[in-house]
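Understanding the architecture of this molecule
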Amino acid sequence: MGNGGWSGRRLSRGKMMDATSMKNMEKELLCPVCQEMYKQPLVLPCAHNVCQACARELLGQQGYIGPGGDPSSEPTSPASTPSTRSPRLSRRTLPKPDRLDRLLKSGFGTYPGRKRGALHPQVIMFPCPACQGDVELGERGLAGLFRNLTLERVVERYRQSVSAGGAIPCQLCKPPPLDATKGCTECRATFCNECFKLFHPWGTQKAQHEPTLPTLSFRPKGLMCPDHKEEVTHYCKTCQRLVCQLCRVRRTHGGHKITPVLSAYQALKDKLTKSLTYILGNQDTVQTQICELEETVRHTEVSGQQAKEEVSQLVRGLGAVLDEKRASLLQAIEECQQERLARLSAQIQEHRSLLDGSGLVGYAQEVLKETDQPCFVQAAKQLHNRIARATEALQTFRPAAGSSFRHCQLDVGREMKLLTELNFLQVPEAPVIDTQRTFAYDQIFLCWRLPPHSPPAWHYTIEFRRTDAPAQPGPARWQRREEVRGTSALLENPDTGSVYVLRVRGCNKAGYGEYSEDVHLHTPPAPVLHFFLDGRWGASRERLAISKDQRAVRSVPGLPLLLAAERLLTGCHLSVDVVLGDVAVTQGRSYWACAVDPASYLVKVGVGLESKLQESFQGAPDVISPRYDPDSGHDSGAEDATVEASPPFAFLTIGMGKILLGSGASSNAGLTGRDGPAVSCTVPLPPRLGICLDYERGRVSFLDAVSFRGLLECPLDCSGPVCPAFCFIGGGAVQLQEPVGTKPERKVTIGGFAKLD
């Protein structure tokens, strides 16, 4: 008995929990259109649900008069009175039944712009109220959509839980109705025992109807295909749609991945169960995130109030400044007005003294009565001056001060515009990386700019990472450098032979802006060799001009080349001008880059043994003789040698904007045939050439220094010090790439966290 009581309490507690959970999910069961419980919901192509009646109403508002769904979805039994239907239907004006049945049976309706029998019928677009987007329903409109029977069952269980066990009345009894005990899917009504027997008499076809539990919503026994009215048996993974046997063999799903509905059911149920299990197993995490969100809400309220107070204080400050300025301007006007009034009052008094019998005129009249001549002369002298000034004032009358205050007008157009445009400070827009100035050499030089109308940035944040680094669990980790001033920066100590991805974002008082687009940079395959040009060997000062910083050289064609052009067949000798680097390599791997003028006549860029270079180019070789070939590394007259040795020189020939790739060296650019030696050809000259020397392996590679694409790879005799070399025949110019570290820019160390300004 105790066990029975415990089982009963556990069962009642489970029911209470189910009822509570059902009540908490009410918002999931509301139609987004009518905000009421779903009634005969349809599944839209965007996976959202909407009531069938609401869908019809929305299509009617769009100007469509057409299918609303399955005509059998509405109750047609005598028990389907207006009181048992949804209260929404009483507020809608639906098409006439005969007209609606005709439209639904035809599979599609008529609508503006559609002609009957058109070869290309219009596709119906439905405005989804959930995702606010237009979804395509196809030609059949709502008639081609599935009913969400599962959602209907959930809604029914929810209503039963809310009603707290309330009985469903019989729909056929006279008032007051008895409690319903049975339901009939075929009749689409609920019955008490007596009414069920009355409407299902023995010996009739209705007697074969199977009774069900009483319900307020009747659904078909199974999900039917809206196109062929057959039960769905398969699921199309390509279309993500349930299909029947007829749909499966139609060309519409030809070549699609179709599986039995049981397999789709089991797979989807496993996924949903797994996801739900994960969520239920991380309830502590959910609760922690809820607390974090609630804390964020509180901080948002506090921050919003602080922002309001700051704005109010700033506006009050502007008002105080305006009040102070107004007081000072009014004071200036008042002082100017008082000064003018004083001057005008004095002028009025002077003119009043000129009236007959008063003031100066009266005094003058009395002086004229004086008969004593000496006394008259004494008094009239000063009086005459005053009368003369008064007479002149009458003749040239002009007010002592003007009445206009135009000089006190204010031009507040600019200030009004500024006040009108007064707005909250915006974050900087995403910077634009200058790919023409951004490159990687011994260091990475990054340059960027803000868009023209972007708010200013106080400083920038640079993020970078290696894309070819070993994969680590979790998201890709970026290295970050904060508070970078200016619009360029140096990233020091990058790894050689790597690919870096970089991005930048600006920051000001409003916060951080968006990141720029990622830029990928290839670092050199070996450490960069720093050297200067040394023209002491094989260089003629008349034809070669080396820059002051010893990083550029230019060859000027002289008289010998002109003579060679005139007497080419007479055995004229042309001298080859050679410039060597002042640093020799004796170990490891080294890399350097240079730019060759595309207008150069003939330039050879490469490396060689220092002793052999000095020995070979001290004189003036005969470039017409077939025995001379700088690329071969030896005299071509020694072709009968039986022992193959690595040449002491390795040069890349450049001329007139082209690179000559000969047959004597293997190429990484795909120039070597499978069945024979490589064929001589030319390729365009890149903006910069890269040379990579591997001393231990005795190999030298020529690269495109921009894309690091291999151009040529040659063997080299590395039995002694090897140095860079540049040969000129005719006019030409070479510019060594300047190390990035010499630029006066901000430096950021990649290997550590030190930042140098």
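Quick caveat: nothing in here was measured; it's all calculated off a predicted structure. (Residues numbered from 1 in each chain as written. Predicted model: local features only at pLDDT ≥ 70, side-chain atom pairs only at ≥ 80, totals over all residues. Heavy atoms only, no water.)

1. A short note on the pattern of salt bridges
As a reminder, the rule being used: One side-chain nitrogen of Lys or Arg within 4 Å of one carboxyl oxygen of Asp or Glu is enough to make a salt bridge. Helical segments are the DSSP runs of H or I of at least four residues, strand segments are the runs of E of at least two, and each set is numbered from the N terminus.
All told, the structure shown has 12 salt bridges when counted by the stated rule. The partner of Arg 480 in a salt bridge is Glu 463, with the nearest N and O atoms 2.8 Å apart. Of this pair, Arg 480 sits in strand β15 (residues 479-484) while Glu 463 is found in strand β14 (residues 459-466), placing the two residues 17 residues apart along the sequence. Linked through salt bridges whose partners overlap, the residues forming this network are Arg 589, Asp 694, Arg 697, Arg 699 and Glu 713.

2. As for the sheet that holds strand β28 (residues 681-684)
Filter applied, for reference: Here a strand pair is declared whenever DSSP counts at least two bridges between the two strands.
Overall, antiparallel pairing links the seven strands, which are arranged β20-β23-β32-β25-β26-β27-β28 in an open sheet. In this open sheet, the two strands that pair with only one neighbour each are β20 (533-534) and β28. Pairing analysis gives two bridges linking β20 to strand β23 (residues 577-581), with the strands arranged antiparallel. Across the sheet, residue Asp 534 finds its bridge partner in β23, namely Leu 580.

3. With respect to unusual backbone geometry
Positive phi, normally seen in glycine, also occurs at Gln 35, with a value near 60°. Looking at the secondary structure, you find Gln 35 in the loop between α1 (2-24) and β1 (41-43).

4. A word on the packing of aromatic side chains
Formally: A pair of Phe, Tyr and Trp rings is counted when the ring centres sit within 6.5 Å of each other, with Trp represented by its six-membered ring. The angle between the planes then sorts it: under 30 degrees is stacked, over 60 is edge-to-face, the rest tilted. Only protein chains enter the calculation, and the probe is 1.4 Å; a residue is then buried if its accessible area is under 20% of its type maximum, exposed if over 50%, and partly exposed in between. For a Lys NZ or an Arg CZ to count as sitting over a ring, it must be within 6 Å of the ring centre and within 35 degrees of the ring normal.
Taken as a whole and judged by the stated rule, the model has eight aromatic pairs. Seen in terms of ring centroids, Phe 191 and Phe 196 are 5.9 Å apart; in terms of plane orientation they differ by 75°. Their pairing is edge-to-face. By the burial criterion, Phe 191 is buried, and Phe 196 matches it. Sitting above the plane of the Tyr 512 ring, Arg 505 keeps its charged end 4.2 Å from the centroid.

5. With respect to the layout of surface pockets
Going by this rule: A cavity here means a set of points on a 1 Å grid, drawn over the protein atoms and nothing else, where a 1.4 Å probe fits but cannot get out; a pocket is an open set with protein on both sides within 12 Å along at least five of seven lines, and a residue lines either one if it has an atom within 4 Å of a point. Grid points are joined across faces, edges and corners, and a volume is the space filled by probe spheres set on the points. Here the term charged refers only to Asp, Glu, Lys and Arg, the term nonpolar to Ala, Val, Leu, Ile, Met, Phe, Trp, Tyr, Cys and Pro, and the term polar to all other amino acids, Gly among them. Each domain's extent is set by a domain assignment, obtained either automatically or from a database.
Its volume calculated, the largest pocket comes out at about 1900 Å³. Val 43, Tyr 235, Gln 240, Arg 241 and Leu 242 are the residues nearest the centre of the largest pocket, which is lined by 50 residues in total. Contributing elements (two or more residues each) for the lining of the largest pocket: β4 (134-138), α4 (149-162), β9 (241-243) and α7 (261-281). If one sorts the elements of the lining of the largest pocket by residue count, α7 sits on top with eight residues. Of the residues that constitute the lining of the largest pocket, the class distribution is 24 nonpolar, 13 polar and 13 charged. Two domains each provide a minimum of three residues to the lining of the largest pocket, namely domain 1 (22-65 + 121-166) and domain 2 (263-396).

6. Comments concerning a nonpolar patch on the surface
Put simply, the rule is: Nonpolar side chains (Val, Leu, Ile, Met, Phe, Trp, Tyr) within 5 Å and like charges within 9 Å form the patches, drawn only from residues with over 30% relative accessible area and no salt bridge. Surface exposure here means Shrake-Rupley accessible area, sampled with a 1.4 Å probe, where a residue is shielded only by the protein chains that are shown.
On the surface, Leu 318, Leu 329, Leu 410, Val 412, Met 416, Leu 419 and Leu 422 cluster together into a nonpolar patch covering about 640 Å² of accessible area. Elements that contribute at least two residues to the nonpolar patch include exactly α8 (283-352) and α11 (413-420). On the secondary structure map, Met 416 appears in helix α11.

7. A few points about the pairing of strand β3 (residues 124-127)
Pairing geometry for β3 and β4, over four bridges, is antiparallel. Looking at β4, one finds that Met 125 is bridged to Glu 136. Hairpin connection from β3 to β4: six residues lie between these consecutive antiparallel strands, with Gln 132 at a positive phi of about 60°.

8. Digging into the sheet that holds strand β7 (residues 211-212)
Sheet architecture is open: three strands sit in the order β6-β5-β7, paired in antiparallel fashion. Because the sheet does not close on itself, it has two edges, and the strands there are β6 (189-191) and β7. Pairing geometry for strand β5 (residues 182-184) and β7, over two bridges, is antiparallel. Note on β7: the bridge partner recorded for Cys 184 is Pro 211.

9. Structural notes on the pairing of strand β26 (residues 649-655)
Within β26, seven of the seven residues are buried, which leaves the element mostly enclosed by the surrounding structure. The sheet contact formed by strand β25 (residues 603-609) and β26 spans six bridges and is antiparallel. Paired with Gly 608 across the strands is Phe 649, a residue of β26. As paired elements, β26 and strand β27 (residues 658-661) share three bridges and run antiparallel to each other. The residue of β27 that forms the bridge with Thr 653 is Leu 660. Where β26 folds back on β27, the antiparallel hairpin that results is connected by two residues, among which Met 656 adopts a positive phi of roughly 55°.

10. Considering the side chain of Asn 49
Spelled out, the test is: Whenever two N or O atoms come within 3.5 Å, that pair is a polar contact, provided that in protein one can donate a hydrogen and the other can accept it, and provided that, for residues adjacent in sequence, both atoms are side-chain atoms. In this analysis, two residues are considered to be in contact whenever any of their non-hydrogen atoms come within 4.5 Å of each other.
Inspection of the secondary structure puts Asn 49 in strand β2 (residues 49-51). Looking at Asn 49, the relative accessible area reads 17%, which means it is buried. At 2.8 Å, the side chain of Asn 49 forms a polar contact with the side chain of Asn 148. With near-sequence residues (within four places) excluded, Asn 49 lies in contact with Pro 32, Tyr 38, Pro 41, Leu 42, Val 43, Asn 148 and Leu 151.

11. Observations concerning the nonpolar core
Which entries qualify depends on this criterion: Within this scheme, the nonpolar core is defined by two criteria: the residues are buried Ala, Val, Leu, Ile, Met, Phe, Trp, Tyr or Cys, and they are joined through side-chain atoms within 4.5 Å.
Counting 51 residues, the largest nonpolar core has Tyr 591, Ile 659, Leu 689 and Phe 726 as its most contacted members. The element contributing the most residues to this core is strand β24 (residues 589-596), with five residues. Of the domains in this structure, domain 3 (432-523) and domain 4 (533-566 + 573-619 + 647-663 + 680-736) are the two that each give at least three residues to this core. Contact partners of Leu 689, with chain neighbours within four places excluded, come to Trp 592, Ala 593, Cys 594, Val 596, Leu 652, Ile 654, Ile 659, Leu 703, Ala 705 and Leu 711. Core analysis: the second largest hydrophobic core is formed by 24 residues, Cys 31, Leu 58, Ile 124 and Phe 126 among them.

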